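Report on the structure
So the chains spell out like this:
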Amino acid sequence: MSAEPHYTLYHPRWYRRRVSVWWWLQNRSYTWFVLRELTSVFVAFFAVVYLWQLRALAQGPEAYGLFLLRLKTPLFLALDTVAFLFVLFHAITWFHLTPKAMVFQVRGKRVPDWVIVGSNYAAWLVLSGAVAFTLLRG
Amino acid sequence: MPSTVALTVARYRPERESEPTFQTYEIPFRKDWVVLDALNHVKDELDGSLSFRWSCRMGVCGSCGMKVNGTPKLTCATFLSDYVPAPIRVEPLDYFPVVRDLVVDLTDFMRKLKQVKPWIIRTEEKPPAEGEYLQTPDQLDTYKQFSMCINCMLCYSACPIYGLEPSFIGPAAIALAQRYNMDSRDEGAAERLKILSEHDGIWQCTFVGECTKVCPKHVDPAGAIQQYKLTGATRWVKSLLLPWGTR
């Protein structure tokens with residue numbers, strides 16, 4: 001005989017509630033979570049624009065000029081602004097989540113969360129500075 | 001402070017109704033009462049047919065988890081005074097089948113917990129005569145947080161992924177697996193990797209983070225899962241680069 005209580009398996013009258021399609025509006029952190037997941041679309045958008053830029057660059061100065069002109073249209077300016085805000089949201093939220101995944105021990109003590117978050121911001125600043133320096137130098 | 005408070009409780013009596021309804025009881029408000037005291041007052045004085053689980057009344061047994069005003073809580077540690085004068089609404093935990101009133105069925109979790117082998121696994125057991133497996137306080141500290149889990153299921157009720165994908169192993173079971181993986185006396189990490197790194201393991205988690213927020217014992221299951229993702233991914237890369245090394 002099995003030790004498993006079979007009566008629970010075939011219980012006929014349990015009530016199972018279905019998850020609403022709007023579950024992500026039920027509390028604020030679910031909404032933030034879904035927004036954070038959505039940011040991936042805008043990260044992809046920037047990647048596609050970048051590929052488009054490379055293609056224009058390969059096709060010569062005329063094509064590149066046209067690409068730059070298109071970027072200056074109100075539609076693209078609006079899209080870029082929205083995408084930039086989402087990517088910023090993406091970076092900041094993920095920076096603040098890194099200490100959850102990365103746990104370092106130094107001399108038997110856990111490195112505090114702010115050090116890990118801070119080093120992300122520091123790396124971001126240094127890299128952005130390096131890019132700005134390279135671009136603005138010439 | 002008011003002298004009474006309206007306590008709205010979800011009722012489900014399978015022999016009478018096909019889906020839950022709500023019933024409101026007017027109960028005396030006392031500053032030192034928790035929601036569980038209020039439920040016991042209803043059960044003792046107003047309506048003996050109300051069903052709910054409880055045992056220790058001190059946040060240790062993990063039986064009295066319910067949703068209070070929409071948030072998963074241990075009712076023995078949730079004071080009425082945090083809510084009054086607003087009415088209080090008590091519901092069973094989300095995503096588990098409701099057996100009766102506030103009682104849910106936890107068979108699914110028990111099955112999953114067993115799958116992650118939450119016990120110390122040794123490749124070779126040493127005979128008892130050789131003594132116990134020793135551990136330093138520092139070694140204990142690495143997993144102690146995850147060992148505080150009381151299986152109250154608040155984290156499952158807070159996890160929309162578990163609601164949408166019921167096959168997900170879930171926060172508490174993964175945190176408990178990690179508790180044993182990080183134990184210096186344990187050698188079973190490879191055995192647990194199989195179940196944890198499958199589709200229904202860590203990779204179902206999209207890091208909503210609510211499990212950690214609702215945990216009454218500060219276990220941080222979301223942290224445990226993300227740390228394990230890092231371990232899983234590192235092992236996968238290693239097995240790709242050194243296919244002969246991980247066998």
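Source: prediction; values computed, not measured.

For the rest of this paragraph, the subject is the overall build of chain A. Each helix and strand in chain A was counted, giving five helices and two strands. For chain A, the α and β elements follow one another from N to C terminus as α-α-α-α-β-β-α. Computed over its C-alpha atoms, the radius of gyration of chain A comes to 25 Å, more than 25% above the 14 Å expected for a compact globule of 138 residues. Referenced to the eigenvectors of the C-alpha coordinate spread, the extents of chain A come out at roughly 80 × 45 × 30 Å. When contacts within chain A are restricted to residue pairs at least 6 apart in sequence, long-range pairs at least 24 apart make up 44% of them.

What follows is about the sheet that holds strand E2 (residues 21–28) of chain B. Residue and element names in this part refer to chain B. A sheet is described by the order of its strands in space; here five strands give the open sequence E2-E1-E5-E3-E4, paired in mixed fashion. In the strand order of this sheet, the two ends are held by E2 and strand E4 (71–74), each with one partner. Averaged over all neighbouring strand pairs, the angle between strand axes comes to 35 degrees, with direction disregarded. Bridge analysis of strand E3 (residues 65–68) against strand E5 (residues 88–91) gives two bridges, and the strand direction is antiparallel. Counterpart to Lys 67 in the pairing with E5 is Glu 91. On the sheet, helix H1 (residues 35–46) packs against strand E1 (4–11), E2, E3 and E5 and is oriented at approximately 95 degrees with respect to E2.

What follows concerns the domain arrangement of chain B. All names here are of chain B. Taken as a whole, chain B is organised into domain 1 (4–104) and domain 2 (107–241). The distance between the C-alpha centroids of domain 1 and domain 2 comes to 30 Å. Breaking the side of domain 1 that touches domain 2 down by element, the ones donating at least two residues are E3 and E4. Looking at the side of domain 1 that touches domain 2 residue by residue, the classes come out as seven nonpolar, four polar and two charged.

Time to look at the interface of chain A and chain B. Interface extent is often summarised as the accessible area lost during association of the parts. Taken together, the contact pairs 16 residues of chain A with 24 residues of chain B. When residues of the side of chain A that touches chain B are traced back to their parent elements, those giving at least two are helix H2 (28–59) and helix H4 (74–101) of chain A. At four residues, H2 of chain A tops the list of elements feeding residues into the side of chain A that touches chain B. In the side of chain A that touches chain B, the residues fall into nine nonpolar, three polar and four charged.

Here we come to the environment of Asp 186 of chain B. All names here are of chain B. Position of Asp 186 among the secondary structure elements: in the loop between helix H6 (171–181) and helix H7 (189–196). Taking the C-beta count within 10 Å as the criterion, Asp 186 has 19 such neighbours and is therefore assigned partly exposed. Linking Asp 186 and Ile 121, residues 65 residues apart in sequence, is a C-alpha distance of 5.4 Å. Among residues more than four places away in sequence, those in contact with Asp 186 are Ile 120, Ile 121, Tyr 180 and Asn 181.

Another aspect to go through is the packing of helix H3 (residues 137–147) of chain B against H6 of chain B. Residues and elements named next belong to chain B. Close contact between H3 and H6 brings their axes to 8 Å; oriented N to C, the two are set at 160 degrees. In terms of their interaxial angle, H3 and H6 are classed as roughly antiparallel. As H3 runs across H6, the sense of the crossing is left-handed. Residues Tyr 143, Phe 146 and Ser 147 of H3 form the contact with H6, whose own contacting residues are Ala 175, Leu 176, Gln 178 and Arg 179.

This paragraph deals with the domain arrangement of chain A. Domain parsing of chain A yields domain 1 (6–101) and domain 2 (102–138). Domain 1 of chain A puts five residues into the contact, and the matching count from domain 2 of chain A is six residues.

Direction of pairing for E3 of chain B relative to E4 of chain B: antiparallel, over a ladder of four bridges. Counterpart to Val 68 of chain B in the pairing with E4 of chain B is Thr 71 of chain B.

To continue, consider the environment of Ser 29 of chain A. Here Ser 29 of chain A lies in helix H2. Residues within four places of Ser 29 of chain A in sequence aside, it is in contact with Gly 209 and Glu 210 of chain B.

Moving on, we come to the pairing of E1 of chain B. All names here are of chain B. Where E1 lies against E2, eight bridges are found, and the strand directions are antiparallel. Looking at the pairing, Thr 4 lines up with Pro 28 of E2. As defined by bridge partners, E1 adjoins E5 across three bridges and the pair is classed as parallel. Directly across from Thr 8, in E5, lies its bridge partner Arg 89.

Moving on, we come to the nonpolar core. All names here are of chain B. By size, the foremost hydrophobic cluster in this structure holds 61 residues, and its most contacted members are Leu 7, Val 35, Val 90, Cys 155, Ile 174, Ala 175 and Leu 176. With seven residues, H6 is the largest single contributor of residues to this core. Taken domain by domain, this core gets at least three of its residues from each of domain 1 (4–104) and domain 2 (107–241). Sequence-distant contacts of Leu 176, defined by excluding residues within four places in its chain, comprise Leu 113, Val 116, Pro 118, Phe 146 and Cys 149.

Moving on: the environment of Lys 43 of chain B. Locating Lys 43 of chain B in the fold gives a position in helix H1. What Lys 43 of chain B contacts, discounting residues up to four positions off in sequence, is Gly 48 and Leu 50 of chain B.

A word on unusual backbone geometry. Residue and element names in this part refer to chain B. Pro 85 follows Val 84 through a cis peptide bond whose omega is 10 degrees. The residue Pro 85 is located in the loop between E4 and E5 in this model. One non-glycine residue, Asn 69, lies in positive phi territory at about 45 degrees. Here Asn 69 is to be found in the loop between E3 and E4.

Quick notes on the rules
- Position numbers for residues count from 1 along each chain, tracking the sequence in the order it is written.
- Lettering of chains starts at A and numbering of ligands starts at 1, both following the order in which they are written.
- Restriction of local features to residues with pLDDT of at least 70 applies here, the model being predicted, together with a cutoff of 80 or more for giving and counting side-chain atom pairs; totals for whole chains, interfaces and linings are based on all residues.
- Under the scheme used here, helices are H or I runs from DSSP no shorter than 4 residues and strands are E runs no shorter than 2 residues, and both carry numbers assigned from the N terminus.
- Throughout, the radius of gyration refers to the C-alpha atoms, and the reference size of a globule is 2.2 Å times the residue count to the power 0.38.
- Placing a C-beta atom from the backbone of each residue, one calls two residues in contact when those atoms lie within 7 Å.
- When DSSP finds at least two bridges between two strands, those strands are taken to pair.
- Comment: axis = line fitted to C-alpha atoms, over the contacting stretch for helices; angle = value between 0 and 180 degrees taken between N-to-C directions.
- The split of the chain into domains comes from an automatic or database domain assignment.
- Polarity classes work like this: nonpolar for Ala, Val, Leu, Ile, Met, Phe, Trp, Tyr, Cys and Pro, charged for Asp, Glu, Lys and Arg, and polar for all others, with Gly in that last group.
- Remark: C-beta atoms are placed from the backbone, and a residue is labelled buried if 20 or more other C-beta atoms sit within 10 Å of its own, exposed if 12 or fewer do, or partly exposed between those counts.
- Oblique is the label for any angle not covered by the other classes, which are roughly parallel (under 35 degrees), roughly antiparallel (over 145) and roughly perpendicular (65 to 115).
- Left-handed is the label given to a crossing in which the near helix is rotated counterclockwise from the far helix by less than a right angle, and right-handed is the label when the rotation is clockwise.
- We define a nonpolar core as a collection of buried residues of the types Ala, Val, Leu, Ile, Met, Phe, Trp, Tyr and Cys that are connected via C-beta atoms lying within 7 Å of each other.

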